[in-house]
Every structure is written in C-alpha cells, then in structure tokens.
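Residue-level structure breakdown
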Amino acid sequence: MRRWASWLALLLGGCASQTVQFHRLPPETPAADNAADIAKEETLMAAAATVAKMASREPTAGAESAKPELPPRVMPADAPPLTTYDPWGRLNRFTYRFNARFDEAVFVPVADGYRHLPSPARTGVHNFFGNLAEIDSIINYTLQGRLGRGVRSLGRFAVNSTLGIGGLFDVAVKWQLVRAPTGFGTTLAKWGMHPGPFLVIPLYGPSTLRGGIGLAADYGTSYLINVADLYRGAQSWALGTVNAVDQRANIDFRYYSTGSPFEYETIRFLFVRKQLIEDAGLHKAAVPAKSNPNIPAGE
Amino acid sequence: MSPRFLFPSIACLICASALADDLKIPPPAAPGPATGLADSAALRATVFGTPAKDIAPLPDKVPLLEMDLKLPWARPVPAVFWFDRRLRVWFSAKDKPAPLAIVISGTGSDGNTAKLSTLRAVLYGAGYHVLTMPSPTHPGFIVSASSTGVAGDLLQDGRDLYAAMGEIVAHLPRKVRITDVDVLGYSLGGANAAIVKSIDASEHKLHIHRALMINPPVSLFATVGRLDKLYAITLGNGDAGIEQFYQQLYAALANLYRESDRVEIDEDFLLGAAASVLKTDAQFSAAIALTFRLALSNVFFAGDLYSGAGVVIDPQHPPKVGDSLEEAARVLRSKTFAEYFTRIFAPYYLAHRPNSTVESLIAQNRLDVIGDPLRDDPDYYAQTNSDDLILDSAELAWLKKTLGSRIVVYDHGGHLGNLGDRQQVADMLEMLAGRWRGGAP
C-alpha cells in the first residue's frame, strides 16, 4: 500500500526533473481536418440559403397562428450574474488541481498512446461504449417524457447491438438515427431541479451538484442492470479503465494550456452558463423549425 | 476550436436569428467603421479568420512532438503558477536534413494555437522542420522562461526568446539535421521574430537566416493604446459595459439554443452561435478588445506578482494554491494596457534600466529600434494588410518605406484574417526561401 502511495505521489508530484521531457503526440492530419471544415462551411452555407429563402417570404396567416407556440425569448436581463455560486470553492480548486496533475501524469500519456492505435480499433471501442450508454439514455429519455428520443435510442441500441456486432459498428447512424446521449442529470433538470453549486468531481472534471448526483445514478443504473455481466467483478475495472481512456482521448482539452492563473474561474464561468442555457432549452423547447407550419415541408 | 469556418456561417446565422426575430430580415451591416478604427470587413475577417475553402494546400500528416523544458535560468515558480513550471513547445521533424522554421505565437497565446497549427502544416509541407513557440506574453513563457516576469518589452522579451530558442534547439532529438534556421511570427510574435534575428546577428548562436513578420505592430504602445480605445468605445470602463455585453451574448446564445434541436451545447453549435450573436461592428470590436483584455489580465497579474508592485497582489502575502483569484480577475478586467504600463511596466524598467525615462521606454518599444537592419538587411520580410486595425496609416507607411520590396501589403484581411490563405502562404514560402522578388499585393 505504501509503495503504491509513493508511486502515486511520485507521478502526481512531477517525477521527472530532467531538462527536457518529450511527449510524442498523435500526428496531425491537416488535409483531412480542412476538408471536414470545408464540408461544415458548405453545410452552413446551404442552411443559410434555405433560411434566407424562408425569411424572404411574406408572413402568412399561418404565421400568426403559430406565434403563440413560440416560447418567450430570453432577454439580456434574464442572464445570470457574472459571479458564480461556489460555496465549495476551496475543495473544488483542490480537486481541479488534482485532476490537472492526474491528467498530465496519467490520463494524457495513456490517451496519447491509445490514439496511436489504428483508427478503426478506436472507433470500435468508442462505438461499443456509446452503445452501452444507450441503455441509460433509453431509461432517462423515458423518465424525461421525451419518448420520441427514447425510441430513437432504443432503435440505435437494437440495430447496433445486432447488425453492429455488439455495438462495435454504428450502423444506426447511416439510417439517420444519430447518437444523442442523455443521463439522470438531465432528467433531474427536466424535473425542475436547479443545478446547485459548482462541483469539480475527482478524475471526471467540472460539474454541478445535480450533475454529480446524476453521474452517481448513471453508474448505479449500469451496475444494477449489469448488461452481459460487464459492470461487476474484475472485468468492470478493466472496462471502466478502457472507457475512461476512450473518453479522455476524445476530449480535446488540456488543463492549463491557457497558462492562466484564472483558468479555474474561466472554466467555472463557462460550464455553469452552458448548464443554465441547456436547462432553459429543456424547459421551454421551441417548436422545431421543421415542424413549424409556417415552413413548407421539404425546405 | 478553429474559428476559420466561422466566416461563411455568419450569413447562415444572421438569417437564423432573423427567423427568430419573427421572420424579419435584419438590415444590412453598416458599411462604414463603427469605431473609427477598422471597417466592417476588417473586423469580421479578424474574428472569423480565413475560410477553410481558402486555406492553402495542406499535407496529409504532420508528426508532432511536445517538448517540456526546464530552463537552467528559470526563476522559482510562484505557488499560484505551479502548472507553468516548464516551457512547452511543439516540434515537427522531417526525417531528412531540412531547414528549421521557428514560429512565435501572437499576444498572450501558447505555442499550439489553430493559427500555428496552420502555419506548421504549410511549413512542414514545404519541407521545413517546424518549432512553434508561445508568445513571451503567454503566462507559461513568463513563468518558465522570462528573466524579469514583466512581459511586453520588445528587447527583453527578444533576449528571453533567443535564450530559450538556443536551449530548445540544443535539446532537439539527436537525429534531427538542420540545414538552415528561419524565424517568423504573427502579430506581436512577428515583431519578436525580427528582434530575435537582430540579436542573433550579434550573438551568432543560432545563425538565423531569414525573419518574417506577419501582421506585426510597429509601436507596441501605439497599438495597445488603440486596443484600449477600442475597448473603451465598445465596452466602456468598469464592469457595466462588460456585463451588458455578456448579457447580450448570453441571451442570444440561449435563444439560439432553444430554437435548435440539440441535446447539448457542442462545438458545432458554438461555432454557429458565435457567428450569430456578433452582429454589429461594435460587437465585433468588443469581442476583439475583450480578447486582448483577457490576455492582458494574465500579463498584468504575472507582472504584479513578479515585480511586487502590489496592484492586485499583496507582495507580502502572495496567493497560495487553492486561494480564490476571483477578486483579482474582476479588478484586472477593468485594467487597461495604459495602466499596465504606468503601474507595472514603467516602474520596473525605470528601476532596472539605468538612465531610462518613460519616453525612452516607449521609444524602445518601436520596431525602429531595429530600423537599420530592417532597412539594410535583405533577410527581413513582412506581410500585412492595409486594413489591419493594429496599425495606423503612418505606421504602415513606415513599414513600407523601411522594408521596400520585402513587404507585401494585402488589401483586405484585417488583423490575421487571411493567415493561411493561398496567397499569404505562397508569398510566405517565397520569402522564407529567399525567392521573393516583390509582387503586386
């Protein structure tokens, strides 16, 4: 035990004191990245053309009748204050620092190594965990009363577990069944629970009290359902580790790449606003553009 | 997040918000400058950067090595900057002998920004080993490599950069074979690059061949004065302006999100939203001014800590790990570049540089401290835009007169809004290869 503790202390304390440390990163793929950016630009331009066409039409009687369905707009005065409620600030800062050091010493090197694996292997792993997470999404969409989305998650799970060979391939996305995960944190939000104070969760990162409860419940749900006996016993540790590495490898974030002493304040500010905007979206969902009677079908 | 594909999305998102505004089409953006400092096109180009479709051809794969260095002369690391204890740079090696391009980042930025990533790709594709470095105004550099802790002095930052480059080059992987060394940078990094070459001309440690400045400032203090003015016009003084701007952005984002069909706010949503919520010249100006102001907050904080000036940090009780820095961040938001100069920079350098005056400090922070080599040495080059908001017409004229045929001035692009486009990259590569013969902008 003591040996483990000293290894951990050595790792987190920055064990290397040599002049230079090298970290071989996965190669960049500029040509492919730029091609993807061009495709995004073209999508946005096409959407712009469509919206411009719609906007150029004269409002009709249908528009008037549709108006009451639109939610009241968020006004600037509705914005939360610039300051953020953080009664556990000291503990949070400590955890943030722990996470940063753990990330630097363990997560990032392992994730970088993982990113050297062939892309199809990584995609398979990512799809596999994404498919398992669909179970939690089905339950939570149902609890949220968003049955359409629940059915979509169910469809994805059914298709990908069978045709996608245990979830290794995302076949469903080819049928326009796009992945849209949810969890118990969002369910609590839908039920009206306030996010509560900002909370930095060890190894996980920025969240809120509600997010923390949601995360615990999601793990509990997986443990109770225990699909294919993956969530109990020794294999659950291996599975959890691979899942964590896969998730980390898919997040383009480095602690303190800003170099700023105010990074914690910045992350807290952005995270909580993001959460509040998502909450506003949950409670007052607008009529989706495609079902707006003012917009002709097929546009 | 690369902002380069934001540019075309603006049309889409202005239209999207028009839909939200009960299907009314917004009036076209005012054609003239709102702030008197830059016109609409320049502001938009500055914020959105080069559209992806205009980016120069890029290679399929670029290897990347992160190097974290502990410099022998590094000062003790303050507790609150524990994470900046090593200088972090990025290196891409060719597997055969090749020239080395050292690229310096812009104000307050690290050595791996999206702009640097684009430059790295085109330079690597053109046959260079590429080393990308943070700006000497990035907190990571200030803590791990600065000899003063008070950033923003062209000559001192140049000396610190030069020393750091020497140490980095000495520790590159052994198999790397370098045939020539060029240095370049964008924005403040451009001025830094030219200063570094001038230092090398007397010290001969790196044997730098060519230096290229991309959208450089001419007078640091005139430029930051312009940025202070931009901030004052668009956001005012104190917290009221910033709070109002934040509230506008928040409401616009929230409305867009509610009208979207998304489950969470992701990168794609933010890309579009950023283009939508900034509509007027004043808002674009505010975004630019705020970006520079946030970079200044870091420089100000570090300078205050290292110099012991006591503006936001009690020199007797510096903050410890875990202490809240919220109040310091709030106070620093309203601090201008001018205040940084009068309260941190000038007191420090007046005390440490014998016979200096406020006027001499300002004069030393103009590119004309290296006016002679810029004029006479054929290995200095520059690229800029006629509508770059960090230059005024007199400064642009000075650059043209000093560099003659070794500067290219494009008509449009604002500040760095054309970095990476085909023409800029083609000209850059010609300049670095010594093949530049001047050309029509």
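Residues numbered from 1 in each chain as written. Chains lettered and ligands numbered in written order. Predicted model: local features only at pLDDT ≥ 70, side-chain atom pairs only at ≥ 80, totals over all residues.

**Overview of the overall build of chain B**
The test is simple: Working definition: helices are DSSP H or I runs of at least four residues, strands are E runs of at least two. Numbering for both runs from the N terminus. In this scheme the burial state of a residue depends on its C-beta neighbours within 10 Å: 20 or more other such atoms mean buried, 12 or fewer mean exposed, and anything in between means partly exposed; the C-beta positions come from the backbone. Two residues qualify as a contact pair if the distance between their C-beta atoms, derived from the backbone, is within 7 Å.
Along chain B, the regular secondary structure elements total 16 helices and 8 strands. Among the 441 residues that make up chain B, the fraction classed as buried is 54%. Expressed as a percentage of contacts within chain B between residues at least 6 apart in sequence, the contacts between residues at least 24 apart total 79%.

**Things to note about the sheet that holds strand 8 (residues 407-410) of chain B**
Remark on secondary structure: sheet strands pair via backbone hydrogen bonds, oriented parallel or antiparallel. Stated precisely, the cut-off is as follows: Any two strands between which DSSP finds at least two bridges are classified as paired. Here an axis means a line fitted to C-alpha atoms, over the contact stretch when the element is a helix, while the angle between two N-to-C directions is reported on a 0 to 180 degree scale.
Within the open sheet, the 9 strands sit side by side as 1(A)-1(B)-2(B)-4(B)-3(B)-5(B)-6(B)-7(B)-8(B). Their pairing is mixed. At either end of the open sheet lies a strand with only one pairing partner, and these are strand 1 (20-28) of chain A together with strand 8 of chain B. Averaged over all adjacent pairs, the angle separating strand axes in this sheet is 20°, with direction ignored. Across 4 bridges, the pairing between strand 6 (residues 208-214) of chain B and strand 7 (residues 380-385) of chain B is parallel.

**Observations concerning the nonpolar core**
Residues and elements named next belong to chain B. Note the threshold: Buried Ala, Val, Leu, Ile, Met, Phe, Trp, Tyr and Cys residues form a nonpolar core when they are connected through C-beta atoms within 7 Å. Reported domain spans reflect what an automatic or database domain assignment gives.
Within the largest apolar cluster, 141 residues are counted, with the highest numbers of intra-cluster contacts made by Val103, Ala194 and Leu212. Here the element with the most residues in this core is helix 10 (residues 281-307); it accounts for 13 residues. Inspection of this core shows a minimum of three residues originating in each of domain 1 (3-51 + 222-349) and domain 2 (56-219 + 368-432). With residues up to four places along the chain from it excluded, the contact list for Val103 reads Leu116, Leu119, Arg120, Val130, Leu131, Thr132, Met133, Leu184 and Gly185.

**Remarks on the domain arrangement of chain B**
Residue and element names in this part refer to chain B. Keep this limit in mind: Side-chain classes are defined by residue name, with Ala, Val, Leu, Ile, Met, Phe, Trp, Tyr, Cys and Pro counting as nonpolar, Asp, Glu, Lys and Arg as charged, and the others, Gly among them, as polar.
Partitioning chain B into structural domains gives domain 1 (3-51 + 222-349) and domain 2 (56-219 + 368-432). In this structure, domain 1 and domain 2 have C-alpha centres spaced 25 Å apart. Contacts between domain 1 and domain 2 engage 31 residues on the former and 33 residues on the latter. Of all the secondary-structure elements, those providing two or more residues to the side of domain 1 that touches domain 2 are helix 2 (40-48), helix 7 (220-235), helix 10 and helix 12 (337-352). The biggest single contributor to the side of domain 1 that touches domain 2 is helix 10, with 9 residues. When grouped by side-chain class, the residues that make up the side of domain 1 that touches domain 2 number 21 nonpolar, 7 polar and 3 charged.

**Some points on the confidence of the model for chain A**
Residue and element names in this part refer to chain A. What counts here: Confidence per residue, as judged by the predictor, is encoded in pLDDT with a range of 0 to 100.
Summarising the model, chain A shows a mean pLDDT of 82, and 81% of its residues fall at 70 or more. Confidence drops under pLDDT 50 across residues 60-68; counting only partners more than four residues distant or on other chains, this segment forms 8 contacts. Within the model, the stretch residues 285-299 combines pLDDT values under 50 with 20 contacts to residues more than four positions away or in other chains.

**Here's the deal with the environment of His415 of chain B**
For His415 of chain B, the position within the fold is in the loop between strand 8 and helix 16 (422-432). Along the sequence, His415 of chain B and Asn215 of chain B sit 200 residues apart, while their C-alpha atoms lie 6.5 Å from each other.

**Notes on the packing of helix 10 of chain B against helix 11 (residues 326-333) of chain B**
Residues and elements named next belong to chain B. Put simply, the rule reads: Angular relationships are summarised with four words: roughly parallel below 35 degrees, roughly antiparallel beyond 145, roughly perpendicular across 65 to 115, and oblique for the angles in between. In this scheme, a crossing is called left-handed if the near helix is turned counterclockwise away from the far one by less than a right angle; it is called right-handed if the turn is clockwise.
The contact between helix 10 and helix 11 brings their axes to 9 Å, and the two run at 120°. As judged from the angle between their axes, helix 10 and helix 11 are oblique. The interaxial crossing formed by helix 10 with helix 11 has right-handed handedness. Where helix 10 approaches helix 11, its residues Arg293, Ser297, Phe300 and Phe301 are matched on the opposing element by Ala328, Ala329, Leu332 and Arg333. Here the residues of the contact of helix 10 with helix 11 are counted per class, giving 5 nonpolar, 1 polar and 2 charged.

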